[in-house]
Amino acid sequence: MAPLLKDELDIVIPTIRNLDFLEMWRPFFQPYHLIIVQDGDPTKKINVPEGFDYELYNRNDINRILGPRASCISFKDSACRCFGYMVSKKKYVFTIDDDCFVAKDPSGKDIDALAKHIQNLLCPSTPLFFNTLYDPYAEGADFVRGYPFSLREGLPTAVSHGLWLNIPDYDAPTQLVKPRERNGRYVDAVMTIPKGTLFPMCGMNLAFDRELIGPAMYFGLMGDGQPIGRYDDMWAGWCVKVICDHLGLGVKTGLPYIWHSKASNPFVNLKKEYKGIFWQEDIIPFFQAATLTKDCDTVQKCYIALSHQVREKLGKIDPYFAKLADAMVTWIEAWDTLNPKEGAEANGKPTKGK
Ligand SMILES: O=c1ccn([C@@H]2O[C@H](COP(=O)(O)OP(=O)(O)O[C@H]3O[C@@H](CO)[C@H](O)[C@H]3O)[C@@H](O)[C@H]2O)c(=O)[nH]1
Ligand SMILES: [Mn+2]
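Below is a summary of the structure that appears in this document.

What counts and what doesn't
- Residues numbered from 1 in each chain as written.
- Chains lettered and ligands numbered in written order.
- Predicted model: local features only at pLDDT ≥ 70, side-chain atom pairs only at ≥ 80, totals over all residues.
- Heavy atoms only, no water.
- Axes fitted to C-alpha atoms, helices over the stretch in contact; angles between N-to-C directions.
- Helix = DSSP H or I, 4+ residues; strand = E, 2+ residues; numbered from the N terminus.
- Parallel < 35°, antiparallel > 145°, perpendicular 65-115°, else oblique.
- Left-handed = near helix turned anticlockwise from the far one by under 90°.
- Contact = heavy atoms within 4.5 Å.
- Nonpolar A, V, L, I, M, F, W, Y, C, P; charged D, E, K, R; others polar.
- 1 Å grid on protein atoms, 1.4 Å probe; cavity = no way out; pocket = protein on both sides within 12 Å on 5 of 7 lines; lining within 4 Å.
- Points joined across faces, edges and corners; volume = space filled by probe spheres on them.

Brief notes about the packing of helix α7 (residues 232-247) against helix α8 (residues 266-289)
Part 1: Contact geometry for α7 and α8: axes closest at 10 Å, N-to-C directions at 15 degrees. One way to sum up the angle between α7 and α8 is to call them roughly parallel. Viewed along their axes, α7 and α8 form a crossing whose handedness is right-handed. Contacts between α7 and α8 involve Trp-235, Trp-238, Cys-239 and Val-242 from the former and Gln-280, Ile-283, Ile-284 and Phe-287 from the latter.
Part 2: Among the residues forming the contact of α7 with α8, the class breakdown is 7 nonpolar, 1 polar and no charged.

Some points on the packing of helix α9 (residues 299-314) against helix α10 (residues 320-338)
Part 1: In contact at an axis separation of 8 Å, α9 and α10 are set at 165 degrees when each is read in the N-to-C sense. Classed by the angle they form, the pair α9 and α10 counts as roughly antiparallel. Along this stretch, α9 crosses α10, giving a crossing that reads as left-handed. Packed against α9, whose contacting residues are Gln-300, Tyr-303, Ile-304, Leu-306, Ser-307, Val-310, Arg-311 and Leu-314, the element α10 presents Phe-321, Ala-322, Ala-325, Asp-326, Met-328, Val-329, Trp-331, Ile-332, Trp-335 and Asp-336 at the interface.
Part 2: Taken together, the residues of the contact of α9 with α10 break down into 13 nonpolar, 2 polar and 3 charged.

Concerning the layout of surface pockets
Part 1: Considered as a void within the structure, the largest pocket measures approximately 970 Å³ in volume.
Part 2: Of the residues forming the lining of the largest pocket, the biggest block, 7 residues, is contributed by α8.
Part 3: Per-class residue counts for the lining of the largest pocket are 17 nonpolar, 9 polar and 16 charged.
Part 4: As for the second largest pocket, its lining consists of 21 residues, and the residues nearest its centre are Lys-116, Gln-119, Tyr-186, Asp-188 and Leu-255.
Part 5: Elements represented by at least two residues in the lining of the second largest pocket include exactly α4 (113-122) and β9 (250-260).
Part 6: The greatest single-element share of the lining of the second largest pocket, amounting to 3 residues, is contributed by α4.
Part 7: Class assignment of the residues belonging to the lining of the second largest pocket gives a composition of 11 nonpolar, 2 polar and 8 charged.

Structure below.
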C-alpha cells in the first residue's frame, strides 16, 4: 500500500546544522518530498543523505524568490521554516527539527510520527464540546454518554501538534532551574484543544492542513536584528488558534511523540526569550480578546484583520509590534503571490478563466 498522502504532503525542515537525523527517519520519510530551509550562512554546504527527494532553499534563494518581501522571513531563527510552508504546493505539511529522532512507544516499537499526524489530520476535531475519553475517533474509544449527537460529526482538523520525549520544550528559566529534567512520560492520548482556549504551539513536531490554515502559519519576525527569538511557533500558534476558532476548524495535541535530543543553551535562550516572557502577559489577553467579524471568511482576511489589531493594540507595548504587523501583511502578500490560485479565491478575486 502506498504511504498515506505520499503526493499530498511535504516535510519542511529548518536547519542550521546538518541532516544526519534523516537516516533514522528514512523508513518513514523517504517516500515523501522534503523542503529544506537552510538558515545561517548560505555558502555553507548542507548534505542531504542519498535517496531523498527534496528541494533546498538558503537565504540567497529566499531573497531571490521573494525580493523585498524576503524581509518578513526571519534569519538565524527556526522561524525561517515558514518559507517552506509558502513554497510548498501540497495540501499537508509536516515540520520537524533536525534534532528530533524516532521515539519508541511503551511496547518498544518505533513510532511513525508522520503516520500518526496524518491520522490526526484526516479525523475530525471536537472543539465545541470536550470528550472526556479523549479522541472519540481513536480505535477502542468513542463519544461518552451525554455527548450531544448533533456535535458528533466534529469539525475539520487544521493542526496536529505532537509532543516530545527526553528533552521537553521548556522555556529558558525552566530549563535553568531544571537542567537535568527529562520527559519520560508517554501519555497515550490525542485531545482537541477546546474553542476559546489558546495553547503554546511548538514547531518541532507539527503538522497542518496547508489549504485550511497555511496562510496563518507565519512564524513572525525573530532572530537576527529582532528583539525577540524562540517565540516564532508561539506567535503562529496564537494566530492560528484564534482563526481556527473563528472559521470552525480544530486543533489537536498529544500523540505522536518524537525523541528530542538536543537541549539548546539556556543562557542563549534566555537572551532570546527575555522580552517575550513579559510581553506575553499582554499578548495572551490580546489574543483572548481578538475579534474577527463575519466578513473574515478566509484565512487571509482573518490574518490581515488580526494584523490591524496587532498594530493598534500591541503597538503600544513596543514599536516591534508595528513592524510585526507590517510583516504579517507582507507575508500574506508573498503567500498570495506564490500561491495565486489559492490567494485569489481566498481574497474573493476570481481567478483567470473563471
Ligand atoms: O538560528 C537557528 C536555530 C535553529 N534552527 C533550526 O531550528 C530547529 C530548532 O533548533 P533547536 O533545536 O536549536 O531549538 P530548540 O531550542 O530545541 O527548540 C526551539 O526551536 C523551536 C522549535 O522548532 C522553538 O523555538 C523551540 O522549541 C533545528 O532544526 C535547527 O537546525 C535554525 O534554522 N536557525
Ligand atoms: Mn531542539
